[in-house]
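Residue-level listing of the chains:
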Amino acid sequence: MKIAFGSDHAGFKYKKLLIEFLRNQHSQQILDFGCFSEESVDYPDYALPVSECVASGVADIGILVCGTGIGMAILANKVMGIRAANCCSADAAKLSKEHNNANILTIGARLVSIEEAKEIAEAFLYGEFLGNRHMIRVEKIHELTGW
Ligand code: RB5
């Protein structure tokens, strides 16, 4: 699977560790859209290219990390074709795939430990959309909002 990654300064360390983890232990292909240091930056500048990369099909899924995951999720959900889920637990991440067919995961580096973040990323990576009644509901999101 091809995973697009982005973070702001608050998520930079977690992004680095999550990329190493998914590359080395799960053999995933990674596209890293930055940021590349802990110097203060603005999360929308990183959420947008990752969201566009997923929406265009270049990457299969995206993972965005900031302090809370919230700003990243707000931006990502404004991009057509993106269903971003801000998850603080592995259960939520799994369900965001199973029920919502989420294609971007956002994580709050100030809210979960790095071990929790790894479990959340793993659950998102391997979660599978269940379709059926969930498909009807996901399609309704797009019908009702015009995209
Ligand atoms: C940066 O201080 C912080 O606001 C950002 O990482 C994120 O939590 C925003 O949603």
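These notes cover the structure that comes with them. (Residues numbered from 1 in each chain as written. Predicted model: local features only at pLDDT ≥ 70, side-chain atom pairs only at ≥ 80, totals over all residues. Heavy atoms only, no water.)

## Let's talk about the site of the ligand
Worth spelling out the cut-off: Here a residue is near a molecule or strand as soon as one of its heavy atoms is found within 4 Å of it. Each polar contact in these results corresponds to two N or O atoms within 3.5 Å; when the atoms are within protein, one needs to be able to donate a hydrogen and the other to accept it, and residues that are neighboring in sequence are counted only if both atoms are side-chain atoms. Here the Shrake-Rupley method, with its probe set to 1.4 Å, supplies the accessible areas, and only the displayed protein chains count as covering residues. Gly is placed with the polar residues, together with every amino acid not listed as nonpolar (Ala, Val, Leu, Ile, Met, Phe, Trp, Tyr, Cys and Pro) or charged (Asp, Glu, Lys and Arg).
The environment of the ligand is made up of D8, H9, A10, Y43, C66, G67, T68, G71 and R110. G71 is positioned with one of its backbone polar atoms (N or O) 2.9 Å from an oxygen atom of the ligand. Between R110 and the ligand, the recorded distance is 3.3 Å, taken from a side-chain N or O atom to an oxygen atom. Protein burial of the ligand: of its 300 Å² of free accessible surface, 72% is covered by the chains. Taken together, the residues of the shell around the ligand break down into three nonpolar, four polar and two charged.

## Here's the deal with the pairing of strand β2 (residues 29-32)
Where we set the bar: Pairing between strands is defined by DSSP: at least two bridges between the two strands are required. Put simply, DSSP H or I for four residues or longer makes a helix, DSSP E for two residues or longer makes a strand, and each gets a number counted from the N terminus. The handedness rule is simple: strands pointing away from the viewer, and a clockwise path from the first strand over the helix to the second, make the crossover right-handed.
One ladder, built from four bridges, connects strand β1 (residues 2-7) with β2; its direction is parallel. In the strand pairing of β2, K2 is matched with Q29. In this fold, the crossover linking β1 to β2 by way of helix α1 (residues 12-26) has right-handed handedness.

## Considerations on the packing of aromatic side chains
How we decide: To pair, rings of Phe, Tyr and Trp, with the six-membered ring standing in for Trp, must have centres within 6.5 Å; the planes then decide the type, stacked if under 30 degrees apart, edge-to-face if over 60, and tilted in the middle. Either the NZ atom of lysine or the CZ atom of arginine qualifies as a charge over a ring when it sits within 6 Å of the ring centre and within 35 degrees of the ring normal.
Overall, the coordinates contain zero aromatic pairs when judged by the stated rule. Against the face of F124 rests K97, its NZ or CZ located 4.7 Å from the ring centre.

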